[in-house]
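Residue-level structure breakdown
The chain contents come next:
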Amino acid sequence: MKPIFFAVVVASLTCAAAIFSADHAVLPRLHEYDILRAFPPGRLAALSSGDRPTAQGFSGENRRIGRWIEAGPQRGSCRGVIAAVVADDLAAADDCWRGIDIAFAHQRADGGFEAEIRPNGQSARPYSAAVETAFFFLQELGRTILVIRQSPHAAHFQERLAALQPKIRRACAFIALGSDQIITTTSHAPNRIIIAAKAFGTCGLVLADDALIGIARRLMAHALTLRDAEGVFLEKGGRDSSYNVVSILMGQMLALHVALPEFEAALPAAVAWQLTRILPSGEIDVTGNTRTGVGQEFSYTGTPKKVNYTEIIFALTYYGLSHHDSAALAAADRVFAYQQHQSSSSE
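Residues numbered from 1 in each chain as written. Predicted model: local features only at pLDDT ≥ 70, side-chain atom pairs only at ≥ 80, totals over all residues. Heavy atoms only, no water.

**Here we look at the overall build of the chain**
Of the regular secondary structure elements, the chain holds 15 helices and two strands. For 347 residues, the compact-globule formula gives about 20 Å, and the C-alpha radius of gyration of the chain, at 19 Å, lands near that figure. Dimensions of the chain, computed from the C-alpha atoms along their principal axes, are close to 50 × 45 × 45 Å. Expressed as a percentage of contacts within the chain between residues at least 6 apart in sequence, the contacts between residues at least 24 apart total 71%. Working note: accessible area of the chain is about 14,100 Å², and carbon and sulfur atoms make up 57% of it. Each charge class in the chain can be summarised by its mean position, and for the 32 positive and 33 negative side chains these summaries are 3 Å apart. (Helix = DSSP H or I, 4+ residues; strand = E, 2+ residues; numbered from the N terminus. Rg over C-alpha atoms; globule rule 2.2 N^0.38 Å. Contact = heavy atoms within 4.5 Å. Areas by Shrake-Rupley, 256 points an atom, 1.4 Å probe, with all protein chains shown as cover. Lys, Arg positive; Asp, Glu negative; His and termini not counted. Charge placed at Lys NZ, Arg CZ, Asp CG, Glu CD.)

See below:
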């Protein structure tokens, strides 16, 4: 990023944040596009390097397995589109868009998505799992469209976005029918409640549907009840230095588009604890984790769930830039350096 542009973006973020702290009612919402443009040079590209889909259009776990399994993993291609748009690389954005097209090629008449058997023998075919894999995809798709709208490149995507509207509406109607069940079956994992809220909120804005945004607010309000006395999001009844930060990140992304003052008020405490989990080396302390880092849970490909280093870097960079928090930015730098070193060492 050119130094002059970086200075202009940071100045705009400073001005907006000052108005935010003075009076929530007159907040000119920070644009997520501008925050992404203000990322340290090379960081967004590095964090998004694995998000470009295969020639068949598969991303995430679908990419790793080499075939269509379900919709949720296709969210990676959405992240790839965002990174390309922020970098002004429309050819790359078009290439990543294939992952979105592939997802909707598997959409069913009821708005949900086709699902195959996972390597662990389970599947997203049962209703609650079908709702979950759909909202995992939609939460990044809605965000992608909103970031595109904030960018100078909206006209480039205009026709395909218009063609997607009825498909997104059907998908949202499908997950909306399961919104109560999301709370019933997912409250052990507030990060997923917040991811669902992000799907409803961002897609609600895309579709100008206040009912969907209302569901997002209800889910977020419930997620805020799933914290301990010190404000840490509880996963399976305890603290987890990976999933706490997923709640932080996904909530921040939604709050950049939908006003969530209660979440904003809760954010500093969750971030404060997260910072205590970051070692001087940038490695994440997994001591006492309830879900990740020490083999407690396994993904549907059968591998142990690891710490979400990419989400930690994103979350602390977002928080540091939007709140002018030097400690969060310094921690993000350490974690990023650690992740990059680990990646280069494993090659």
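Okay, back to it.
**Considering the packing of aromatic side chains**
Using the criterion set out here, one finds 10 aromatic pairs in the structure. Ring plane angle 20 degrees and centroid distance 5.5 Å describe the contact between F135 and F136, whose orientation is recorded as stacked. Three or more aromatic residues link up through ring pairs in this structure, and these residues are F39, F314 and Y318. The positively charged end of R160 is found above the aromatic ring belonging to W97, 5.1 Å away from the centroid. In this structure, R291 packs its charged tip against the face of Y243, placed 4.2 Å from the ring centre. (Phe/Tyr/Trp six-rings, centres within 6.5 Å; stacked < 30°, edge-to-face > 60°. Lys NZ or Arg CZ within 6 Å of the ring centre and 35° of its normal.)

**So, the environment of Q181**
On the secondary structure map, Q181 appears in helix α9 (residues 179–186). In the structure, Q181 is positioned 50 residues away from V131 in sequence and 9.1 Å away in space, judged by C-alpha atoms. Dropping the residues within four chain positions of it, Q181 is found in contact with Y127, S128 and T186.

**Details of the packing of helix α8 (residues 158–176) against helix α10 (residues 190–207)**
Contact pair α8 / α10: the axes reach a minimum separation of 11 Å and the direction vectors enclose 145 degrees. With respect to the hand of their crossing, α8 and α10 are arranged in left-handed fashion. Of α10, the residues touching α8 (which contributes Q165, I168, R169, C172, I175 and A176) are A199, F200, C203, V206 and L207. Grouping the amino acids of the contact of α8 with α10 by side-chain chemistry returns nine nonpolar, one polar and one charged. (Axes fitted to C-alpha atoms, helices over the stretch in contact; angles between N-to-C directions. Left-handed = near helix turned anticlockwise from the far one by under 90°. Nonpolar A, V, L, I, M, F, W, Y, C, P; charged D, E, K, R; others polar.)

**Notes on the side chain of E32**
Here E32 shows up in helix α2 (residues 32–37). Ignoring any residue separated from it by four or fewer positions in sequence, one finds E32 in contact with R143, V147, Q150, M253, L256, H257 and Y318.

**Thoughts on the pattern of salt bridges**
Inspection of the entire model under this criterion finds 24 salt bridges. What emerges from the salt-bridge pattern is a single network uniting E32, D51, R79, E140, R143 and K198. (Salt bridge = Lys/Arg side-chain N within 4 Å of Asp/Glu carboxyl O.)

**Things to note about the state of the cysteines**
Evaluated as defined, the whole model comprises zero disulfides. C172 forms no disulfide, and the closest cysteine sulfur to it belongs to C203, at a distance of 4.0 Å. (Disulfide = S-S within 2.5 Å.)

**Side note on the environment of S49**
Its location among the elements puts S49 in the loop between α3 (43–47) and α4 (60–65). The exposure class assigned to S49 is exposed, which follows from its relative accessible area of 60%. A distance of 3.0 Å separates a polar side-chain atom of S49 from the backbone oxygen of A46. (Buried < 20%, exposed > 50% of the residue type's maximum accessible area, 1.4 Å probe, protein only. Polar contact = N/O pair within 3.5 Å; in protein donor to acceptor, adjacent residues only side chain to side chain.)

**So, the nonpolar core**
By size, the foremost hydrophobic cluster in this structure holds 104 residues, and its most contacted members are F137, L141 and I168. Leave out the neighbours within four places in its chain, and L141 touches C78, I100, F104, L164 and I168. (Core = buried A, V, L, I, M, F, W, Y, C linked by side-chain atoms within 4.5 Å.)

**A look at the packing of helix α5 (residues 75–86) against helix α6 (residues 90–105)**
Running from N to C, α5 and α6 point in directions that differ by 165 degrees, and their axes come no closer than 8 Å. The angle between α5 and α6 falls in the class roughly antiparallel. In the packing of α5 onto α6, the handedness of the crossing is left-handed. Residues S77, C78, G80, V81, A84 and V85 of α5 lie in contact with α6, whose contacting residues are A92, A93, C96, W97, G99 and I100. When the residues that make up the contact of α5 with α6 are grouped by side-chain class, the tally is nine nonpolar, three polar and no charged. (Parallel < 35°, antiparallel > 145°, perpendicular 65-115°, else oblique.)

**A look at the environment of F336**
Looking at the element boundaries, F336 is found in helix α15 (residues 326–346). A C-alpha to C-alpha distance of 13 Å links F336 and V307, two positions 29 residues apart in sequence. Residues within four places of F336 in sequence aside, it is in contact with R43, A46, L47 and I313.

**Focus on the confidence of the model for the chain**
Close inspection of predicted coordinates is inappropriate in any region flagged by low pLDDT. Residue-level pLDDT values for the chain average 92, and 91% of them are 70 or greater. Counting interchain partners and residues more than four positions distant, the pLDDT-below-50 stretch residues 1–12 has nine contacts. A low-confidence stretch, residues 14–27 (pLDDT under 50), is modelled with 13 contacts involving residues beyond four sequence positions or located in other chains. (pLDDT = per-residue confidence, 0-100.)

**A word on α9**
Listing the buried residues of α9 in full gives S179, I182, I183 and T186. Viewed along the axis of α9, the buried residues span an arc of 100 degrees, placing them on a single side of the element. Turned more than 90 degrees away from the buried face of α9, the exposed residues are D180 and T184. Contacts made by the buried residues of α9 are with α7 (127–150), α8, α10 and α11 (210–223). (Arc of directions from axis to C-beta.)

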